[in-house]
Amino acid sequence: VSAFFAALVSFLAARRITRPIEDMTRGAEQFETGHLEHRLYVPETAELGALAQAMNSMADQLHERIGKETRRKNELIAVLSGMAEGVIAVDLQDSIISINPSAAGFFSLATPVPAGKSISDLVRNLAFLDFFEKARHAMGSLEADIPLNDREKRIIHIRTSPLVDEKDLRSGTLIVFSDVTTLRRLETM
């Protein structure tokens, strides 16, 4: 009988300790799947209560940071979409990070252009690709006029600059270009 009561007391004590840990594990899984608004129950034990509060605080901070980054990303997309100039960001492997609708229009690309595609797979203009090859190895900015060789015989003015990461290491190339056909024709006249 005493062994039965000892086992029962041990089971209840173990259950009292493991239940909050199981709840926190489920809560952490909720956080992992992106449900950062979920809140963990704060148990009465000091150690587990402090852990639950720290995890809830971490979820609040992550939710706030993700919200800020999402807003910044949406603002950047809105700015890039509203620009008349074409803008393309390319990483070190020549894969497109971002391309705005104006840039897609210059090269008659279907929008939205999937990120990760190689710039040489999408753009078929040899003068542009030759200039890009020089720009991706350049330490500074480069500029040039490139003929598009389309029906309108358009000319685009391209400016490139290196993209750098937070450690000030090169992470890609930014290409900005605009249609200068009318300006160049007026200069020629």
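Residues numbered from 1 in each chain as written. Predicted model: local features only at pLDDT ≥ 70, side-chain atom pairs only at ≥ 80, totals over all residues. Heavy atoms only, no water.

Enquirer: What is the right way to look at the pattern of salt bridges in this model?
Expert: For side chains of opposite charge, pairing can occur when their charged atoms come near one another. Applying the stated criterion across every chain, the model contains 8 salt bridges. Across the pair Glu64 and Lys68 runs a salt bridge whose closest N-O atoms are separated by 3.6 Å. Placement of the pair is Glu64 and Lys68 together in helix α2 (residues 46-82), with a separation of 4 residues, close to one helical turn. Residue class for Glu64 comes out partly exposed when judged on its relative accessible area of 47%. (Salt bridge = Lys/Arg side-chain N within 4 Å of Asp/Glu carboxyl O. Helix = DSSP H or I, 4+ residues; strand = E, 2+ residues; numbered from the N terminus. Buried < 20%, exposed > 50% of the residue type's maximum accessible area, 1.4 Å probe, protein only.)

Enquirer: Teacher, can you tell me more about the nonpolar core here?
Expert: Note that soluble globular proteins tend to have their nonpolar side chains buried in a common cluster. Core analysis: the largest hydrophobic core is formed by 24 residues, its most contacted members being Ile88, Phe107, Ile119, Phe128, Ile156, Ile175 and Phe177. At the level of secondary structure, the elements contributing two or more residues to this core comprise β1 (86-91), β2 (96-99), α3 (101-106), α4 (119-122), α5 (126-137), β3 (142-147), β4 (155-164) and β5 (170-179). With 4 residues, α5 is the single largest residue contributor to this core. Beyond its immediate chain neighbours, meaning those up to four positions away, Phe177 contacts Glu85, Gly86, Ile88, Ala103, Phe106, Phe107, Phe128, Ile156, His157 and Ile158. Leu36, Leu40, Leu48 and Ala52 belong to the second-largest nonpolar core, a separate cluster that totals 8 residues. (Core = buried A, V, L, I, M, F, W, Y, C linked by side-chain atoms within 4.5 Å. Contact = heavy atoms within 4.5 Å.)

Enquirer: Which parts of the structure should I look at to understand the side chain of His157?
Expert: Note on placement: His157 falls in strand β4. Its relative accessible area of 15% is what places His157 among the buried residues. Of the polar contacts made by the side chain of His157, one reaches the side chain of Glu143; its length is 2.7 Å. (Polar contact = N/O pair within 3.5 Å; in protein donor to acceptor, adjacent residues only side chain to side chain.)

Enquirer: What is the right way to read the sheet that holds β1 from this model?
Expert: Backbone hydrogen bonds are what pair the strands of a sheet, in a parallel or an antiparallel way. Read across the open sheet, the 5 strands follow the order β2-β1-β5-β4-β3; overall the sheet is antiparallel. Strand pairing shows two members of the sheet lacking a second neighbour, β2 and β3, which therefore form its edges. Neighbour to neighbour, the strand axes of the sheet diverge by 20 degrees on average, direction disregarded. Pairing analysis gives 9 bridges linking β4 to β5, with the strands arranged antiparallel. Its bridge partner lying in β5, Pro162 is registered against Thr173. Those strands touched by α5 are β1, β3, β4 and β5, and its axis lies near 140 degrees from that of β5. (Pairing = 2+ DSSP bridges. Axes fitted to C-alpha atoms, helices over the stretch in contact; angles between N-to-C directions.)

Enquirer: Looking at this structure, I do not really get the packing of aromatic side chains. What am I missing?
Expert: Aromatic ring pairs are reported here in terms of the distance separating the ring centres and the angle at which the planes meet. Within the structure shown, the criterion is met by 5 aromatic pairs. Each ring, one from Phe107 and one from Phe177, has its centre 5.5 Å from the other, and the planes form 65 degrees; the classification is edge-to-face. Of the two residues, Phe107 is situated in the loop between α3 and α4 and Phe177 in strand β5; the sequence distance between them amounts to 70 residues. Take Phe107: its relative accessible area is 12%, and that puts it in the buried class. (Phe/Tyr/Trp six-rings, centres within 6.5 Å; stacked < 30°, edge-to-face > 60°.)

Enquirer: Would you mind showing me how to read the pairing of β1 here?
Expert: Two faces make up the sheet, and in a regular strand the side chains alternate between them. Most of β1 is tucked away, with 5 of its 6 residues classed as buried. Where β1 and β5 come together, 6 bridges link them in antiparallel fashion. Counterpart to Ala89 in the pairing with β5 is Leu174. In the sheet, β1 pairs with β2 via 3 bridges, with the strands oriented antiparallel. Its bridge partner being in β2, Ile88 is matched across the sheet by Ile99. The antiparallel pairing of β1 with β2 creates a hairpin that spans 4 residues between the two strands, and Asp94 there sits at a positive phi of about 65 degrees.

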